[in-house]
Amino acid sequence: MTLFYSHDPVRPGSLSGTPADPLQQSLFSRPPHTRIEVDLSAIARNIQVVKQHCRPGTKLLAVVKANAYGHGAVHVANTALAWGADFLGVARISEAVQLLEAGIRSPMLVFGDVWPLQAVHGQAHGIRITLTSLSSARAVSAVALSHGCTVTAHIKIDTGMGRLGLCAGVNMDRTMADLEAIMQLENLAIEGIYTHFANADAKDKTHTDQQLALFSQVLGRLAEKNLVPDIVHAANSAATLEIPDSHFTMVRPGISLYGLCPGPGIDCTDLTPALSILSRIIQLKQVPKGFAVSYGSTHITDRATTIATIPVGYADGYSRLFSAKAHMLVKGQRAKVVGRVCMDFTMIDVGHILDAGLGDEVVILGSRGSDTISADELAKLANTINYEIVAGLTSRMPVFYRQPPHHHIPESHVSQQPSHDVNQEVHGHDN
Ligand SMILES: *Cc1c(COP(=O)(O)O)cnc(C)c1O
């Protein structure tokens, strides 16, 4: 198993202008205590699982927005493409630019808004934009015309998400008229049409069925005029896994690629979570009964115990809502967070883990032995969903990768950090 260090917020050479600065050299000579580890082979496996749910020939758009849900967009995108993704999906054009800068060449669809000029400039790089109204399409068409180029776009139909797109459910005739008008605009190539489900993860599929029916009605009316674009897509992860009728010619899974379940009612047994958060105990204190821990002194020990300090905090994306609730794994045993999570540190009670020692590894998210701290478990504590747990991780935590077998990641995508210590660091872990 190969591991490599992908990125660090501090770049060698940025301190003194020379890569030889000893402080910076030493920064990279050992991995930091608190870090994310991503198993790219799990992502490869999840892609295969998702593909097995689709008819052969169905295109796959891998959603890598928000830094691939916190997993690191560049390496996830490379892995997805190596395992057969046809498209990459992002929310912002800056996310597409980040992939381009890393040398990734693949069709990319931006879900969100872009300025017309950005659409024109993105065209040369394979960026497809989303058109959500006739007026925005007109603006893009005009700028494309003045630059003498054609912008490739997908049209978004709002069938019940209430977010972006032409509102088919409010006025179908108007939607059809606008659609046809967009298709007739100059210097636009309409490659795709899509919609997005609001409730595909719910057990009750009534609303999703209604959305699907509305979308099919739009497609039917386009078909009468032979205007259906080449690529028709609707399915997020939940719909990809559960609603084959929603697959059309392309599926758009995100969360499932990362091995996380889009909702409680969905069978995700074949998916493998790819992300772990690891750290180490940086201080251990034997304390008496009545000892106060962290801001506000909200935790007072009810017995003599041992408190361990872990260098992870809400600035890393470890929510303050985990205060006095979450657990971490030390030597395969659960230790509870005591007192408030700080910006940079969190304390846990390890009084019951007799052999806990300074420098011991701590699993903040992930598995060790037979126990797991899942993104779903943390999500419940913070009254949110697993999506927010991983997408909310910040760039202060560097990401380490496990390389999938049979996949060569181009040299240019691997940063120049020393790797021997990294291998040593993670040697013996297996999750
Ligand atoms: C985020 C997103 C997806 C992926 O949704 P998951 O539930 O993560 O699979 C698909 N399509 C659009 C438009 C999105 O914004």
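Model, not experiment: these values are computed from the prediction.

Caution is warranted with low-pLDDT regions, since their predicted coordinates should not be read in detail. With 89% of its residues at a pLDDT of 70 or more, the protein has an overall mean of 90. The low-confidence segment residues 7–13 (pLDDT under 50) makes 20 contacts with residues lying over four places distant or belonging to another chain. A low-confidence stretch, residues 408–431 stays under pLDDT 50, and its non-local contacts, those more than four residues away or across chains, total 49 contacts.

Across all of its chains, the model carries 13 salt bridges by this definition. Arg 128 is paired through a salt bridge with Glu 191; the nearest N and O atoms lie 3.0 Å apart. Of this pair, Arg 128 sits in strand β6 (residues 127–131) while Glu 191 sits in strand β9 (residues 188–194), placing them 63 residues apart in sequence. Residue Arg 128 is classed as buried on the basis of its relative accessible area, which comes to 15%. In this structure, Arg 174 and Asp 178 form a salt bridge, with 3.4 Å as the shortest nitrogen-oxygen distance. Of the two residues, Arg 174 and Asp 178 are both situated in helix α8 (residues 172–184); the distance of 4 residues between them amounts to about one turn of the helix. Overlapping salt bridges, with partners in common, bring together Asp 302, Arg 303 and Asp 349 in one network.

Here the focus is helix α6 (residues 116–123). Within α6 the residues assigned to the buried category are Pro 116, Ala 119, Val 120 and Gly 122. Considered in projection along α6, the buried side chains sweep an arc of 165 degrees and stay on one side of the axis.

Here the focus is unusual backbone geometry. What you tend to see is this: most non-glycine residues have negative phi, and most peptide bonds are trans. If you check the backbone angles, Asn 226 has positive phi at about 60 degrees while not being a glycine. Along the chain, Asn 226 falls in the loop between α9 (206–224) and β10 (231–233).

Looking now at the environment of Arg 35. Residue placement: Arg 35 occurs in strand β2 (residues 35–39). In the structure, Arg 35 is positioned 243 residues away from Leu 278 in sequence and 5.5 Å away in space, judged by C-alpha atoms. In this structure the side chain of Arg 35 is engaged in a polar contact, spanning 3.5 Å, whose partner is the backbone oxygen of His 33.

Residues Leu 99, Leu 179 and Ile 193 are the most contacted members of the largest nonpolar core, which totals 125 residues. Taken domain by domain, this core gets at least three of its residues from each of domain 1 (40–258) and domain 2 (275–402). Apart from the residues within four sequence positions on either side, Leu 99 is in contact with Val 64, Ala 73, Val 74, Ala 77, Leu 88, Val 90, Ile 104 and Met 108. Listed in part, the 6 residues of the second largest apolar core include Val 287, Ile 307, Val 338 and Met 347.

Analysis parameters
- Residues numbered from 1 in each chain as written.
- Predicted model: local features only at pLDDT ≥ 70, side-chain atom pairs only at ≥ 80, totals over all residues.
- Heavy atoms only, no water.
- pLDDT = per-residue confidence, 0-100.
- Contact = heavy atoms within 4.5 Å.
- Salt bridge = Lys/Arg side-chain N within 4 Å of Asp/Glu carboxyl O.
- Helix = DSSP H or I, 4+ residues; strand = E, 2+ residues; numbered from the N terminus.
- Buried < 20%, exposed > 50% of the residue type's maximum accessible area, 1.4 Å probe, protein only.
- Arc of directions from axis to C-beta.
- Polar contact = N/O pair within 3.5 Å; in protein donor to acceptor, adjacent residues only side chain to side chain.
- Core = buried A, V, L, I, M, F, W, Y, C linked by side-chain atoms within 4.5 Å.
- Domains from an automatic or database assignment.

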